[in-house]
Amino acid sequence: MIAFENVHVRFGTAEALSGITMMIEAGELCALVGPSGSGKTTLLRLVNRLVAPSRGRVFVRGEDVARLDPAKLRQSIGYAMQSVGLFPHRTVAENIATVPRLRGWNAPRIAARTAELMALLHLDRSLAGRLPRALSGGQAQRVGLARALAADPDILLMDEPFGAVDPITRRELRTELRRIHQATGKTIVLVTHDPDEALELGTQLVVLRGGRVVAAGPAASLIAPGADAFARQLLGGTQPGLRRFALLPAAASVVPEAPPQGAPELPAEASLADALSLMAESGATVLACAGGSLHAEAVLRQA
Amino acid sequence: MRALPQLLLALLLTLVASPQGAVLLGQAIGETAAPFPAERLLSLALAHSGLALAGAGAASMLGIVLGIAVTRPVGRGLRPMVDAIAAISQAVPPVVVVALSVPAFGFGLWPTALALLLYGMMPVLRATTGALEAVSPDARAAAEAMGLPPRDVLLEVELPLAWPVMQDGLRVALVLSVATAAVGALAGASTLGTPIVLGLQNQNAVLIVQGAAATAALAFLAEALLLLGGSVARR
């Protein structure tokens, strides 16, 4: 869906990205994670031509973006950012309708789509006629996300979209984003400096450092022993083993034998970290899970 | 009502400028010369308004166009030069512009129109560039990222957000224009400066008071009308 081919980006004398070659498949939620200044936002902005590569090529849906009309390309890709950037002189509904209006949708279609998006993002109907200054931070982020999704783009770019809201709202919005990703199957590229957010949301993670990709792949593989030390340290922190176990499902290690009498019950969708936690709490070395048993040895064998 | 003080002042000054008012005032300071007739004052006021409007209109147009041009990526390099030209044109007194352009344009309207254009341009240019630069960078970035073409970013995001501040510049330009149009009388344009020039030539203080009061009344009236127009447009 999105491909980078030996891409370099230079701002003045500083090289922001060097030699990036990677692919983002359709339907992935790809989290770009790394410290500030690592080039993750620049990488994101290459996709809709807000930044042009000084060398190399960027392909979107198989086409070299340098050959596409930037306005048309950007209208076909949703974009949400930390500062939201709602238009202060336009109502919530008008803000959401920006791209559909640019694309010449008729009024009934725009109204229907706006209502649908407000429902999807749990925005109260009464907010439609309000100006952005009357919104809370969380509401503004939701409107920004609705605006990015308005013309139903198959690609959504998000630049630290939940950076400026309080932790509770952030958790809600993350859950919502995961729900939207699962429900719509869109390709989402998410920039974040928060390893937890990347681990929680990303089906694919790309770890950047100093303008280079140091590691890429599914979250669990990047924390596994033997993975790139920087990525492991960034994502795993001081407990990489537990972080990785939190990403692996317990059900895969369950054996189909009757659990011993009184074994503590582990929910079927729990992770290996949940299993370890329950064992640490109960002192049991065998847990009942999904009709079978989960042995401590089987859990540790996943390490 | 925001424009009430201006309207009241305009009314008061109109009373002072009227022949009856000027005669009363003249008697108070021991001046007995004949006043300027009301109907001639009115026709001069009309000519004065037309000239001031034309000058302010041209200055506004030029100021807005230049202000937009120097805030675009391609025009940014011209910014220091345009700022310098606007500052110089404001610094040269209108009287000098009128006097210097008489040899080029002859007597009549044109020297005054040129002076008004130069004099009114700077407030509009300053307000336009300032207002465009104050537009929320987030809103501009979002507009660009969503695929608004540069023309739409300007027309749908930047100008609507900048307009309230730009209006202040337009108001200053019009009031300046109404006030300075009086100078045009020196170059033979029919304006409310005409009674002042006549009064100075004939040492008739009543005429000077009439011309000055009428000019000021017109300037206040223009400001009041713009304030009213602005608050109607905002609703």
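Conventions and cut-offs
- Every chain begins its residue count from 1, and numbering advances along the sequence as written.
- Each chain gets a letter, beginning with A, and each ligand a number, beginning with 1, in the order they are written.
- pLDDT decides what is reported in this predicted model: residues at 70 or higher carry local features, side-chain atom pairs at 80 or more are listed and counted, and totals for whole chains, interfaces and linings draw on all residues regardless.
- For side-chain calculations, the full set of non-hydrogen atoms in the structure is used, while hydrogens and water are omitted.
- By the criteria applied, helices consist of DSSP H or I runs no shorter than four residues and strands consist of E runs no shorter than two, each listed in order from the N terminus.
- Throughout this description, buried means an accessible area under 20% of the type-specific maximum (1.4 Å probe, protein chains only), exposed means over 50%, and partly exposed covers the range between.
- Between two residues, a contact is recorded if the distance between any of their heavy atoms is within 4.5 Å.
- Using the Shrake-Rupley algorithm and a 1.4 Å probe, accessible areas are obtained, with residue cover drawn only from the displayed protein chains.
- As used throughout, the charge tally considers Lys and Arg to be positive and Asp and Glu to be negative, leaving His and the chain termini uncounted.
- Where a charge sits is defined by one atom per residue type, namely NZ (Lys), CZ (Arg), CG (Asp) or CD (Glu).
- Where a domain begins and ends is set by an automatic assignment or by a domain database.
- Simply put, the buried area is the total loss of 1.4 Å probe accessible area from both parts when two parts are fitted together.
- For this document, the term salt bridge refers to a Lys or Arg side-chain nitrogen within 4 Å of an Asp or Glu carboxyl oxygen.
- Pairs of N or O atoms are called polar contacts if they sit within 3.5 Å, as long as, within protein, a hydrogen donor faces a hydrogen acceptor (for residues adjacent in sequence, only side-chain-to-side-chain pairs).

**Comments concerning the overall build of chain A**
Logical step 1: Summing up its helical and strand segments, chain A has 13 helices and 13 strands in all.
Logical step 2: For chain A, buried positions account for 52% of its 303 residues.
Logical step 3: Sequence separation of at least 24 residues holds for 62% of the intrachain contacts in chain A that already meet a minimum separation of 6.
Logical step 4: Just so you have it, chain A exposes about 13,500 Å², and 52% of that area is on carbon and sulfur atoms.
Logical step 5: Treating the 32 positive side-chain charges of chain A as one cloud and the 28 negative ones as another, the clouds have centres 9 Å apart.

**Quick look at the domain arrangement of chain A**
Residue and element names in this part refer to chain A.
Logical step 1: Here the domain parsing of chain A yields domain 1 (2–76 + 154–243), domain 2 (86–152) and domain 3 (249–301).
Logical step 2: Look at where the C-alpha atoms of domain 1 and domain 2 centre, and you get two points 26 Å apart.
Logical step 3: The interface is formed by 15 residues belonging to domain 1 together with 14 residues belonging to domain 2.
Logical step 4: Summed over both partners, the interface of domain 1 with domain 2 buries about 1,300 Å², with 61% contributed by carbon and sulfur atoms.
Logical step 5: Together, Gln75, Glu176 and Ile180 form the three largest contributors to the area buried by domain 1 at its contact with domain 2, with a combined 36%.
Logical step 6: At the boundary of domain 1 with domain 2, the tally comes to three salt bridges.
Logical step 7: Across the pair Arg142 and Glu176 runs a salt bridge whose closest N-O atoms are separated by 2.3 Å.
Logical step 8: Applying the counting rule to domain 1 against domain 2 returns six residue pairs in polar contact (both at pLDDT 80 or more).
Logical step 9: Residue assignment for the side of domain 1 that touches domain 2 shows that the elements contributing at least two residues are strand E7 (155–159) and helix H7 (167–184).
Logical step 10: The leading source of residues in the side of domain 1 that touches domain 2 is H7, at six residues.

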